[in-house]
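The residues making up each chain are set out below.
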Amino acid sequence: MEANRIWHDPVVEVYSNLITPGVCCTAAAYDLANRRWYQLNIGDRVAPDDDWHHDTRLDEVPDDEWFSLTVEKHIKAYYTSKTALPPWNTINTNSSGSPATFELSEETLVRRPISEKFSYGYRPSDRLPTTKFDELREKTYLSRGADYCLWDGKKCVFKRIEFDCDVESHENEIRAREAIIQCIERNPRGASKDFNFEMESRFNVVPILAVVLHDETSNWIVSNHAADDNSPNDEDPESSGHNIAGFLMPYAGPSLDLLNGTAVNSDEDMPSTFPINSLSTPADTLINEEQLLDLTCGIRNLSKCGIVHGDICYWNVILTQPNSTACQAARLLLIDMGDVAPDYENDVDALGNLFLWCLEHSTVLKDNAKTQKRIVTAAALLKEGDLDRAIGVLSPSNMKRSFKRTLPSSDEKVKKRRL
């Protein structure tokens, strides 16, 4: 098992399925929950004839769900009996699933290497702190590309690079946070020196605490471009040892899609480890008007800095738990920024769609006729691109806002200590 990792019931996805003569098929399966690759060989033999590849033969090939369940079954059975991940990474069986034999194949033949690289932390322009992979403790499965973990005594989410397609999105997320830091530096008046504080408070963005770099414990295979004689090896020598494995964010609360999928136990500090597609029981998200106003102001601040989130939607917004950040009240914060979603109009239009989704899923909003009218009006204005007027609709003179956090003064700190 990966270093400093806690076992989780396997969650297996099949990423390729190769049909070959003599062997029904070979599938590459990845256990997302425990971050390990497996190979599944189905050994149904057929009498050779001219029609072996006919559609009737292909109908006998199990589907991806069968592959996933078969791999999950064998991993779980081994762990239940041995309290350890299996020493094998290859399963040989037939389309009935029994009998099965197991073997340890060369790791490079089973795993999918990462051919793309992104190095960080050695240039003066790299603004975020870095940490090594082995500094992460108690990693536990949270979703496809994210783990819950402890780092530097903090509860965090480790968003990790698993495939080549993740590299560019990770770089974009990091650069987006750096752009916010640059904006804060250009407008220092009244700003705290704590960039993470400002990122949450003024821009409603979950900060990146540290960029995680590969080390000897990460045990991830990165392909060598230099192996191809036609590919020049132009890697910067200074980048050695600075290839990123992912980044860390504070765990402040679940995303709105998780909240809408299942009830949240307020007594639990741990995030839900259920995959999103397994959640089926709708729950009230309990979003209120002041939280939407607070989020809108944060997005206006991003817009003033020329920063685009690129995919504002209910699965990229979290509802913080009380006292999970420096603010005591629950707030709406943005995650997963930097990549522009397909057919995306702009952040303001997307915010209008989010308003309507929240209105549909929050009884706090839809059970009050006046509130409902303001939300619908504000959403229409946002769809028209009028951010300031939308804020005005949500900001009646009698509405008190208590969401923007302020750093306690030295006198306040003294008072708290005396109390």
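What comes next is a walk through the structure.

**Overview of the pattern of salt bridges**
- Summed over the entire model, instances satisfying the criterion amount to 26 salt bridges.
- Measuring nitrogen to oxygen at the nearest pair gives 2.9 Å for the salt bridge that ties D152 to K154.
- Owing to a relative accessible area of 35%, K154 belongs among the partly exposed residues under this scheme.
- The closest approach of N and O atoms between E162 and R160, which form a salt bridge, is 3.5 Å.
- What emerges from the salt-bridge pattern is a single network uniting E2, R5, R35, K139, D147, R160 and E162.

**With respect to the environment of Y15**
- One can find Y15 in strand β1 (residues 12-20).
- Sequence-wise, Y15 and A28 are 13 residues apart; in three dimensions their C-alpha atoms are separated by 5.7 Å.
- Here E13 takes part through its side chain, which lies 3.1 Å from a polar atom of the side chain of Y15.

**Observations regarding the packing of aromatic side chains**
- Following the criterion strictly, the structure yields 15 aromatic pairs and no others.
- When the centroid spacing of 6.1 Å and the interplanar angle of 65 degrees are considered together, the rings of F133 and F158 count as edge-to-face. Within this pair, whereas F133 is found in the loop between β6 (130-132) and β7 (137-143), its partner F158 is found in strand β9 (residues 154-160), the two being separated by 25 residues in sequence. Taken individually, F133 and F158 each receive the classification buried, so the pair is uniform in this respect.

**Quick look at a negative patch on the surface**
- Where like charges cluster on the molecular surface, the negative patch consists of E116, D164, E168 and D339.
- Counting through the fold element by element, D339 comes out in the loop between β13 (332-334) and α8 (347-361).
- A relative accessible area of 32% means that D339 is categorised as partly exposed.

**Quick look at the nonpolar core**
- Among the nonpolar cores identified, the biggest contains 68 residues, and I174, I180, L256 and F355 are the most heavily contacted of them.
- When residues of this core are assigned to their parent elements, the largest contribution, eight residues, is made by α8.
- Apart from residues lying up to four places away in sequence, F355 is in contact with L292, T296, I375, A378, A379, L382 and L394.
- C24, A27, L40 and I75 belong to the second largest nonpolar core, which has 17 residues in total.

**Here we look at the packing of helix α7 (residues 289-304) against α8**
- The N-to-C vectors of α7 and α8 enclose an angle of 170 degrees; their axes lie 11 Å apart at closest approach. Between α7 and α8, the angle is such that the two are roughly antiparallel. Counting all contacts with α7, which are made through L292, L295, T296 and I299, the residues of α8 involved are D347, L351, L354, F355 and C358.
- Partitioned by chemical class, the residues of the contact of α7 with α8 number seven nonpolar, one polar and one charged.

**Looking at the pairing of strand β4 (residues 90-93)**
- Pairing analysis gives four bridges linking strand β3 (residues 36-42) to β4, with the strands arranged parallel. Residue I42 lies in a different strand from β4, and its bridge partner there is T93.
- Strand direction decides the pairing type here: β4 and strand β5 (residues 101-103), joined by three bridges, are antiparallel. By the bridge assignment for β5, I91 is matched with F102.

**A word on the state of the cysteines**
- Overall, the coordinates contain one disulfide when judged by the stated rule.
- C183 shares a disulfide with C305; S-S distance 1.7 Å. For the disulfide bridge between C183 and C305, the dihedral angle about the S-S bond is near -45 degrees, and by the sign convention the bridge is left-handed. With a gap of 122 residues between them, C183 in helix α4 (residues 164-186) and C305 in the loop between α7 and β12 (317-319) connect regions that are remote in the sequence. As far as the burial class goes, C183 and C305 line up, both buried.

How each quantity is defined
- Residues numbered from 1 in each chain as written.
- Predicted model: local features only at pLDDT ≥ 70, side-chain atom pairs only at ≥ 80, totals over all residues.
- Heavy atoms only, no water.
- Salt bridge = Lys/Arg side-chain N within 4 Å of Asp/Glu carboxyl O.
- Buried < 20%, exposed > 50% of the residue type's maximum accessible area, 1.4 Å probe, protein only.
- Helix = DSSP H or I, 4+ residues; strand = E, 2+ residues; numbered from the N terminus.
- Polar contact = N/O pair within 3.5 Å; in protein donor to acceptor, adjacent residues only side chain to side chain.
- Phe/Tyr/Trp six-rings, centres within 6.5 Å; stacked < 30°, edge-to-face > 60°.
- Patch = residues over 30% accessible without salt bridge, like charges linked within 9 Å, V, L, I, M, F, W, Y side chains within 5 Å.
- Areas by Shrake-Rupley, 256 points an atom, 1.4 Å probe, with all protein chains shown as cover.
- Lys, Arg positive; Asp, Glu negative; His and termini not counted.
- Charge placed at Lys NZ, Arg CZ, Asp CG, Glu CD.
- Core = buried A, V, L, I, M, F, W, Y, C linked by side-chain atoms within 4.5 Å.
- Contact = heavy atoms within 4.5 Å.
- Axes fitted to C-alpha atoms, helices over the stretch in contact; angles between N-to-C directions.
- Parallel < 35°, antiparallel > 145°, perpendicular 65-115°, else oblique.
- Nonpolar A, V, L, I, M, F, W, Y, C, P; charged D, E, K, R; others polar.
- Pairing = 2+ DSSP bridges.
- Disulfide = S-S within 2.5 Å.

Purely spatial values, then, with no claim about function.
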